[in-house]
Amino acid sequence: MALPSEEKKQMIDRGYYNGFGGAFIPEILVATFDELEDIFQKAKNDPAFWQEYAALMSNYSCRPTPLTFAENLSRHFGGPRIYIKREDLNHTGAHKANNVMGQGLLVRRMGKTRVIAETGAGQHGVATATMAAKFGFKCTIYMGEVDVERQRPNVFWMERLGAEVVPVREGSRILKDAINEAFRDWVANMDNTHYVLGTACGPHPFPEMVSYFQSIIGQEARRQILEQEHKLPARVYACVGGGSNALGIFNGFMKDPVELVGVEAGGRGLDTGQHASRLCAKDASIGVAQGYKTYFLQNTDGQMRETHSVAAGLDYVGVSPILAQLKESGRVRFEAATDTEVVEALSLTIRTEGVIPALESSHAFAQAFKEAPRLSSEDCIIINQSGRGDKDIFTIADAFGDPKWQEFIIGKAEKYHA
Ligand SMILES: *Cc1c(COP(=O)(O)O)cnc(C)c1O
């Protein structure tokens, strides 16, 4: 998974989080990264920029999203009062909107006219294509050929939104290959093109920039819990793929006496090798890939391993360097939830509260449910519902083994064969 001309990679002194992070990028991209860093820092220091961003998100993406008191779940466990931060109510159904819309504003400030992105499960591709349609940018989405086949509904929407979806036939034809291809495109087209990276990973300034935009979640959640409970939560739970929704909500409580819990994909179990846990599993190790230094799931010669999770959006080999540092400093506790625990937590949440969390988000619910019975009823906790589960109907219906769903799918297929 070498970046183009990796021999020319150079290490920049910025964007390090206690040794994690950095910007291992080909020399030819240095000026482009400088430009991005410059425009981002200027925007960050300009109060009008955050106002513009918040106004856009309120007008286009239903912000502020509610902080819902889960009365029935709270009663069910008899422990703390459980609150759910409703990122599922964003436009396109997840917190990903926060990141892409923020980057869209920066693209406009840079005067660029085209965006590219990588996508695995397709959610970030749909979010980016949506942003491009809204801002009038040209859009190309790189997606591993295997993922294009697996995620047809998302590919359908990206194309309807006007994006060109390029199936990547290199390597194992999945997310990491799409990332390499997106970097190649960027090198060739950096004058007019911005690469909309999808999570708080990759070379500096992406980890900082993505968590800056996502911090809108934590800012709102902190204000809302103080309004509703008149006190801070004991714990905040979020699932961890690349780490952007977790950093987004954690940022609001970083300086408070609040325990922050990041939940990774335990897949079939941490001892099976079939998981996507970089911060809990013993088989993850520190390395440099895709332009930054962090914990990766890699084999002994630094080749990236296959990961597994019932939630496609958590299925990634690296993790935010900011979270790697927060693990080492002990500020955030990391846990892993298995596929089975996640499907059970999802099922309970749908039945008791009538909300449908994404399979990704259900990892945070699963861990909170494990801990809730041991917490005091004087306390409250927040679970970040990073996205909505309607998109997961194919996977969830399979996991529940719903026979009528199988009949429906077979019936559809037969209709096309006829
Ligand atoms: C993409 C996605 C994630 C994982 O990404 P992070 O950067 O870790 O937040 C989590 N939840 C949902 C609903 C997603 O779509």
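Everything numeric in this text was worked out from a predicted model, so none of it was measured. (Residues numbered from 1 in each chain as written. Predicted model: local features only at pLDDT ≥ 70, side-chain atom pairs only at ≥ 80, totals over all residues. Heavy atoms only, no water.)

Draft legend 1. Main features of the state of the cysteines. By the definition in use, this model includes zero disulfides. The cysteine Cys62 is free of any disulfide, with Cys239 supplying the nearest cysteine sulfur at 20 Å. Accessibility expressed as a relative area gives 48% for Cys62, which makes it partly exposed. (Disulfide = S-S within 2.5 Å. Buried < 20%, exposed > 50% of the residue type's maximum accessible area, 1.4 Å probe, protein only.)

Draft legend 2. Representation of the site of the ligand. What surrounds the ligand is a group of 16 residues, the closest being Lys96, Thr199, Gly241, Ser244 and Ser386. Within the backbone of Gly242, one N or O atom sits 3.1 Å away from an oxygen atom of the ligand. Within the side chain of Ser386, one N or O atom sits 2.7 Å away from a nitrogen atom of the ligand. Burial of the ligand by the protein chains amounts to 96% of its free accessible area of 390 Å². (Near = heavy atom within 4 Å. Polar contact = N/O pair within 3.5 Å; in protein donor to acceptor, adjacent residues only side chain to side chain. Areas by Shrake-Rupley, 256 points an atom, 1.4 Å probe, with all protein chains shown as cover.)

Draft legend 3. Spatial organisation of the domain arrangement of the protein. When the domains of the protein are assigned, the result is domain 1 (13-58 + 96-206) and domain 2 (62-93 + 215-400). When each unit is reduced to the centre of its C-alpha atoms, the spacing between domain 1 and domain 2 is 23 Å. The partner domain 2 presents 36 residues to the 31 residues of domain 1 that form the contact. In this assembly, domain 1 packs against domain 2 so that about 2,600 Å² is buried in total across both faces, 66% of it on carbon and sulfur atoms. Between the two partners, domain 1 and domain 2, sit eight residue pairs in polar contact (both at pLDDT 80 or more). Elements with a minimum of two residues in the side of domain 1 that touches domain 2: strand E2 (20-21), helix H2 (47-60), helix H4 (96-110), helix H5 (123-135) and helix H8 (175-189). (Domains from an automatic or database assignment. Contact = heavy atoms within 4.5 Å. Buried area = accessible area lost by both parts, 1.4 Å probe. Helix = DSSP H or I, 4+ residues; strand = E, 2+ residues; numbered from the N terminus.)

Draft legend 4. Region of the structure containing the sheet that holds strand E4 (residues 81-86). Strand order in the open sheet made by the six strands is E3-E4-E14-E9-E10-E13, with mixed pairing throughout. Both edges of this open sheet fall to strand E3 (67-69) and strand E13 (332-338), since each of them pairs with a single strand only. The average undirected angle you get between the axes of adjacent strands in this sheet is 25°. Relative to the sheet, helix H9 (residues 206-229) contacts E3, E4 and strand E14 (380-385), its axis offset from that of E4 by approximately 145°. (Pairing = 2+ DSSP bridges. Axes fitted to C-alpha atoms, helices over the stretch in contact; angles between N-to-C directions.)

Draft legend 5. Local environment of the environment of Leu247. If you trace the backbone, Leu247 turns up in helix H10 (residues 244-250). Taking the C-alpha atoms as reference points, Leu247 and Gly218, separated by 29 residues in sequence, lie 8.4 Å from one another. Sequence-distant contacts of Leu247, defined by excluding residues within four places in its chain, comprise Ala200, Ser211, Ser320, Ile322, Leu323 and Leu326.

Draft legend 6. Fine view of unusual backbone geometry. The step from Arg63 to Pro64 runs through a cis peptide bond, and the omega angle for that step is -5°. Relative to the elements of secondary structure, Pro64 occurs in the loop between H2 and E3. Phi at Cys62 takes a positive value of approximately 65°, unusual for a residue other than glycine. On the secondary structure map, Cys62 appears in the loop between H2 and E3.

Draft legend 7. Seen up close, the pattern of salt bridges. Evaluated as defined, the whole model comprises 28 salt bridges. Of the charged contacts in the structure, one is a salt bridge between Arg109 and Asp46, with a shortest N-O distance of 3.2 Å. Pair noted here: Arg109 is in helix H4 and Asp46 is in the loop between helix H1 (30-44) and H2, with a separation of 63 residues, a long-range link. Residue classification places Asp46 among the partly exposed residues on the basis of a relative accessible area of 24%. Here Arg235 and Glu259 are joined by a salt bridge, their closest N and O atoms 2.8 Å apart. Of the two residues, Arg235 sits in strand E9 (residues 235-239) while Glu259 sits in strand E10 (residues 259-267), which places them 24 residues apart along the sequence. What you see here is one network of salt bridges that share partners, running through Arg235, Glu259, Arg333, Glu335 and Glu371. (Salt bridge = Lys/Arg side-chain N within 4 Å of Asp/Glu carboxyl O.)

Draft legend 8. Expanded view of the side chain of Gln214. With respect to the helices, strands and loops of the structure, Gln214 is situated in helix H9. Ignoring sequence-local partners within four residues, the contact set of Gln214 consists of His95, Lys96, Asn98, Asn99, Ser244 and Gly248.

Draft legend 9. A look at the packing of aromatic side chains. Applying the stated criterion to the full structure yields 22 aromatic pairs. Taken together, the aromatic side chains of Phe40, Phe49, Trp50, Tyr53, Tyr212 and Phe213 make up a single cluster linked through ring pairs. The aromatic ring of Tyr60 is capped on one face by Lys134, whose charged end is 4.7 Å from the ring centroid. When the ring centre of Phe156 is taken as reference, the NZ or CZ atom of Arg160 above it lies at 4.9 Å. (Phe/Tyr/Trp six-rings, centres within 6.5 Å; stacked < 30°, edge-to-face > 60°. Lys NZ or Arg CZ within 6 Å of the ring centre and 35° of its normal.)

Draft legend 10. Here's a closer look at the sheet that holds strand E7 (residues 164-168). Spatially, four strands are ordered E7-E6-E5-E8 in an open sheet, and the strand pairing comes out parallel. Two strands bound the open sheet, and with one partner strand each, they are E7 and strand E8 (193-195). Strand-to-strand twist of the sheet, defined as the mean angle between neighbouring strand axes without regard to direction, takes the value 25°.

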